[in-house]
Amino acid sequence: MKKVLGKNFFERETLIVACELLGKYLVRRIQGKDVALMITEVEAYDGFEDRASHAHKGETTRSAVMFGEAGRWYVYLVYGMYEMLNIVTGAHGYPAAVLIRGVDGIDGPGRLTKFLRITRTHHGKHSTRANALWIEDRGVVIPKQKIKKTARIGVDYAGTWAKKKYRFVMK
């Protein structure tokens, strides 16, 4: 069973979406061939108060997509060299997204986007086959006891928000 996840999946609470993304497949069409990799690690960025989120200081050109429709890609550059792939979650107007940190066989969000040739050209686009980048449910369910919750990586500047267990990893 392969089902492309649509807006209804992503238009829910960010922490729920983040957990449920584990075991789903990130699919990228490259030169006519679909490359599908199971999502194994994610981080949630949730709302106006989340000091680790780009949306914390309000809507900017960079973060505007986070305030929009769920199921769109939020892709941005860090350290001048790594593209980060996020999927927007929650209700329209509520800034939230989930960073895809790792997939089966690839650890690290920069390595993932490099391998799948994901760039800022995907930013703001819907997660659909038509846009050559989407997420599928293939019937894999990860039991809660197989999910490790930890603090997010690289957000020490966020004060108490840095300690929130918004990172989810398959054990």
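Residues numbered from 1 in each chain as written. Predicted model: local features only at pLDDT ≥ 70, side-chain atom pairs only at ≥ 80, totals over all residues. Heavy atoms only, no water.

## A word on helix α2 (residues 14–21)
Listed as buried for α2 are T14, V17, A18 and L21. Around the axis of α2, the buried residues are gathered within 100° of arc, so they sit on the same side. Against the buried residues of α2 lie α1 (7–10), β3 (33–46), β5 (82–88), β6 (96–103), β8 (133–137) and β10 (167–170). (Buried < 20%, exposed > 50% of the residue type's maximum accessible area, 1.4 Å probe, protein only. Helix = DSSP H or I, 4+ residues; strand = E, 2+ residues; numbered from the N terminus. Arc of directions from axis to C-beta. Contact = heavy atoms within 4.5 Å.)

## Regarding the pairing of β8
By the criterion of burial, β8 is predominantly enclosed, with five of the five residues buried. Where burial is concerned, the two faces of β8 agree: the one with L133, I135 and D137 and the one with W134 and E136 are both buried. Note: strand β1 (residues 3–4) against β8, two bridges, orientation antiparallel. By the bridge assignment, V4 is partnered in β8 with E136. Pairing of strand β2 (residues 25–30) with β8, which is carried by four bridges, proceeds in the antiparallel orientation. Residue pairing in the sheet places L26 in a bridge with I135 of β8. (Pairing = 2+ DSSP bridges.)

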